[in-house]
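What follows is each chain in one-letter form.
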Amino acid sequence: MANRNAIRRIMLAAGFAILLLPATMWSFGAAAENDRHAGYYYPPITSREVYKARAVVMPEASSDLRLNFITGLAYQQNQRPYPPSFVMFAKGEQFERLIIVGIGSNGFRGIYQARAVLAQMTSIARTSPIFRENNVQDMFTFLDLARMLGFDELTISDGQNFAHRIALK
């Protein structure tokens, strides 16, 4: 029951995010030589950073939870009356790698637009029940939410010129 409630709270947070956001996001991961997604989903990694999350991975975080989160976001995004400006998906054996790629003419065109979208996602995540119930809405970010779900890295790319990877520690 607790797991089901946690999934509902996360899906609600995802719903807020996808309904209020018209575009974008990001990702990090294995060493470049082990990154089989570079050159397929996005260009080779052009920049990296490490984000030290203030949140811990939730006990109920699992590959199923991460996959349901991404599937829920994609479903809601595809219900809009206009095409998406980015796609978000999870890769890895346990779906631990979050990837966001801008698409179409409304996708982001640089790292600064990608960071701005991440900041907007943080604002939306802070209205979610999971943040409010734990009284962390004024200090956790979207990257903390990703870490809570058990994502290890986040890669964000415009799909053409840059790919930025964030290790979530």
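See the structure printed just above.
The text that follows walks through the structure, step by step, so that each part is easy to find. (Residues numbered from 1 in each chain as written. Predicted model: local features only at pLDDT ≥ 70, side-chain atom pairs only at ≥ 80, totals over all residues. Heavy atoms only, no water.)

Okay, the nonpolar core next. Judged by nonpolar contacts, the single largest core of 35 residues is most densely connected at Phe131, Phe142 and Phe151. Counting residues per element, the ones that place at least two in this core are helix 2 (63-78), strand 2 (86-91), strand 3 (97-102), helix 3 (111-125), helix 4 (129-133), helix 5 (142-148), strand 4 (153-157) and strand 5 (163-168). Of all hydrophobic cores here, the second largest spans six residues; its members include Tyr42, Ile45, Ile99 and Val101. (Core = buried A, V, L, I, M, F, W, Y, C linked by side-chain atoms within 4.5 Å. Buried < 20%, exposed > 50% of the residue type's maximum accessible area, 1.4 Å probe, protein only. Helix = DSSP H or I, 4+ residues; strand = E, 2+ residues; numbered from the N terminus.)

The subject of this paragraph is the side chain of aspartate 144. Residue position: aspartate 144 is located in helix 5. Among the polar contacts made by the side chain of aspartate 144, one reaches the main-chain amide nitrogen of alanine 55 at a distance of 3.4 Å. Setting aside anything within four residues of it in sequence, one finds aspartate 144 in contact with Tyr51, Ala53, Arg54, Ala55 and Met139. (Polar contact = N/O pair within 3.5 Å; in protein donor to acceptor, adjacent residues only side chain to side chain. Contact = heavy atoms within 4.5 Å.)

All right, on to the pairing of strand 4 then. In terms of burial, strand 4 is largely enclosed, as five of its five residues are buried. Burial along strand 4 is two-sided: Glu153, Thr155 and Ser157 facing one way and Leu154 and Ile156 facing the other are all buried. Here five bridges tie strand 3 to strand 4, and the two strands are oriented parallel to one another. Paired with arginine 97 across the two strands is glutamate 153, which belongs to strand 4. Where strand 4 folds back on strand 5, the antiparallel hairpin that results is connected by five residues, among which glycine 159 adopts a positive phi of roughly 80°. (Pairing = 2+ DSSP bridges.)

Turning our eyes to something else, we now look at helix 3. An ideal rise of 1.5 Å per residue puts 21 Å on 15 residues; helix 3 measures up with 21 Å between its terminal C-alpha atoms. Within the span of helix 3, buried status applies to Ala114, Val117, Leu118, Met121, Thr122, Ile124 and Ala125. The arc that holds the buried residues of helix 3, viewed along the axis, is 165°, so those residues lie on one side. (Expected span 1.5 Å × (residues − 1). Arc of directions from axis to C-beta.)

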